[in-house]
Amino acid sequence: MKHASQYQLYGCFGDRYDMHTPRHHYQHDHAFVIEEIQKNHEHARLLDIGCGSGVFLEKALQAGLDPIGLDPAAAMLQLAREKVGEERLHLMAMQDLEFQKEFHAIVSLSWSLNYAANVEELTDILRRIKRALLPGGQVFFQIAHAPHAPKAFADFFVDQEPGLGDAQDITFKYRFATRDFETLLAQYQFHCHSTGEYFEETHLLNVADAEMVAQIMRGLGFKNVKLLENHQGDPFQKTFNPFLIASLPFEK
Ligand SMILES: C[S@@+](CC[C@H](N)C(=O)[O-])C[C@H]1O[C@@H](n2cnc3c(N)ncnc32)[C@H](O)[C@@H]1O
C-alpha cells in the first residue's frame, strides 16, 4: 500500500492542493455536516480524519465548533496550519488513532477513510473512532462506493483554476473507475501552465463499498447508521460518493 505522502497529490505537490481544489468546492457538503453537528452541540469538540489542507476545519472553526484535524501528509498539514493554527493539528495516520471519549463528532470527508489498506484495517480504524467518541457522539463520513462508479475510465472532468498566473493557470483533471467491486481507481492530472509543472497518478481507494462499511459499523455497535445520496439528505440510490452517518448510544 502507498503511504499518503507517496502520492504526489498530497506529497511533493501537496502545497498546491488549495490551488486546484479551492475553499468553495464542496461548500454544500461542509455546510450540511456543520449544520447537523450543531443541531446537537453548538460548540462540539470535533475530529477531522484526513483533514488535508484544512478547508473543513477552517469552516467548522468559523461556525463556532472546536475542531482538530489529523493527516499523515506534512505538505497538506502546512496549508491547514495557515488556516487554523498548529495547535489544532496532528501529523499522524488514522491507523494510529488513540483518543479516548474525547469528541462529540468525528468526520472524514472526500474518501480519506478509503486510504485504509483493507477491510481488517478499516475495521480497526472504526473501532478506534468509536473509542474516541463521547457517548451520543456522531460520525459523518464520505465513503467511495465502487459498485456505483463507471466500469471503465471515461473522459476526464476538468477544472481550471487561477494558480500563480492567469485565471486558467492550473488545469486539474480527474476521473474514476471501478477496479473491482471494492476498489475505486481515481486518476488525477495536475498541470500548472505558468511553471510547466505536471504530474498524473492513479490512487487506489480501498474498501470502497459503503453498504459493507455501514454493515461493519452496525456490527461494532454504532446506531442510526444511514447512507445518504447527497448533502440534501436524499436516500442512497446511485452516487459513488455517499455520506455515511451514524451515532453512538448515550450511556445509561
Ligand atoms: C482527497 S483528500 C481529502 C482531504 C480533506 N478531507 C478534504 O475533504 O478536503 C484525502 C486525504 O486523506 C489523507 N490520508 C491518506 N492516508 C491517510 C491515513 N492513513 N490517515 C489519515 N489520512 C490519510 C491524505 O493525506 C489527504 O489529505
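Per chain, residue numbering runs from 1 following the sequence as it is written. Confidence filtering applies because this is a predicted model: local features only for residues at pLDDT of at least 70, side-chain atom pairs given and counted only at 80 or more, and all residues used for totals across whole chains, interfaces and linings.

The chain is annotated in an unreviewed UniProt entry as Class I SAM-dependent methyltransferase of Marinobacterium weihaiense.

With that settled, consider the overall build of the chain. A count of helices and strands for the chain gives six helices and 11 strands. Values of the radius of gyration come from C-alpha atoms, whereas the globule rule sets the reference at 2.2 Å times the count of residues to the power 0.38. The globule rule puts the C-alpha radius of gyration for 252 residues at 18 Å, and the 18 Å found for the chain is close to it. Oriented by its inertia axes, the alpha-carbon framework of the chain measures out at about 60 × 40 × 35 Å. Exposure classes come from backbone-placed C-beta atoms, where a residue is buried if 20 or more other C-beta atoms lie within 10 Å of its own, exposed if 12 or fewer do, and partly exposed in between. Relative to its full complement of 252 residues, the chain shows a buried share of 41%. Whether two residues are in contact depends on their C-beta atoms, placed from the backbone: they are in contact if these lie within 7 Å. Considering only contacts within the chain whose residues lie at least 6 apart along the sequence, 64% involve residues at least 24 apart. Working definition: helices are DSSP H or I runs of at least four residues, strands are E runs of at least two. Numbering for both runs from the N terminus.

As a further point, take the pairing of strand β4 (residues 103-108). Within a regular beta strand, the side chains point alternately toward one face of the sheet and then the other, so they alternate between its two faces. Taken across its six residues, β4 has six buried, putting it largely inside the fold. Sheet topology note: the strand β1 (residues 45-49)/β4 ladder contains three bridges and is parallel. Residue pairing in the sheet places Asp48 in a bridge with Val107 of β4. In short, DSSP must find at least two bridges between two strands for them to pair. Pairing of β4 with strand β5 (residues 133-142) involves five bridges; the strand directions are parallel. Each bridged residue has a counterpart across the sheet, and for Phe103 the counterpart in β5 is Leu133. Regarding topology, helix α5 (residues 119-132) serves as the crossover connection from β4 to the parallel β5, and that connection is right-handed. With the strands aimed away from the viewer, a crossover counts as right-handed if its path from the first strand over the helix to the second runs clockwise.

This next bit is on helix α4 (residues 74-84). Of the positions making up α4, those classed as buried are Ala75, Met76, Leu77, Ala80, Lys83 and Val84. Looking at the buried side of α4, the elements it contacts are α1 (17-20), α3 (55-62), β2 (66-71) and β3 (89-91). Just downstream of α4 lies Gly85, where phi reads positive at about 90°.

What follows is about the site of the ligand. Taken together, 20 residues form the shell around the ligand, and within it Ala4, Gly50, Gly52, Ser110 and Tyr115 come nearest. Three residue categories are used. Nonpolar comprises Ala, Val, Leu, Ile, Met, Phe, Trp, Tyr, Cys and Pro, charged comprises Asp, Glu, Lys and Arg, and polar comprises the others, including Gly. Residues belonging to the shell around the ligand are distributed by class as follows: 14 nonpolar, five polar and one charged. A molecule or strand has a residue near it when that residue's C-beta atom, placed from backbone coordinates, lies within 6 Å of it.

Attention now moves to the UniProt feature "domain: Methyltransferase" (unreviewed entry) in the chain. UniProt positions are given in the numbering used here, feature names are shortened, and annotations may be inferred rather than shown by experiment. When the UniProt feature table is mapped onto this chain, "domain: Methyltransferase" (unreviewed entry) is found at residues 47-137. Note that residues 47-137 is 36% helix and 25% strand, and that its end C-alpha atoms are spaced 11 Å apart.

Here we take up unusual backbone geometry. Backbone geometry at Tyr26 places phi at a positive 65°, although glycine is not the residue there. Position of Tyr26 among the secondary structure elements: in the loop between α1 and α2 (27-40). Unlike most non-glycine residues, Ser110 shows phi in positive territory, near 55°. Topologically, Ser110 is positioned in the loop between β4 and α5.

So, about the domain arrangement of the chain. Here the chain is partitioned into domain 1 (4-146 + 214-247) and domain 2 (154-205). Once you take the C-alpha centre of each, domain 1 and domain 2 turn out to be 22 Å apart. On the side of domain 2, 17 residues touch domain 1, which itself brings 12 residues to the contact. These domain limits were set by an automatic method or by a database of domain assignments.

With that out of the way, let us pick up the sheet that holds strand β6 (residues 157-161). One open sheet accounts for four strands, arranged β6-β7-β8-β9; its pairing is antiparallel. Edge strands, defined here as strands with exactly one partner in the open sheet, are β6 and β9 (197-205). Strand-to-strand twist of the sheet, defined as the mean angle between neighbouring strand axes without regard to direction, takes the value 15°. Across 10 bridges, strand β7 (residues 170-180) lies against strand β8 (residues 183-192) in antiparallel orientation. Looking across to β8, one finds that Lys173 is bridged to Gln189. Axes here mean lines fitted to C-alpha atoms, for a helix over just the part in contact, with angles spanning 0 to 180 degrees between N-to-C directions.

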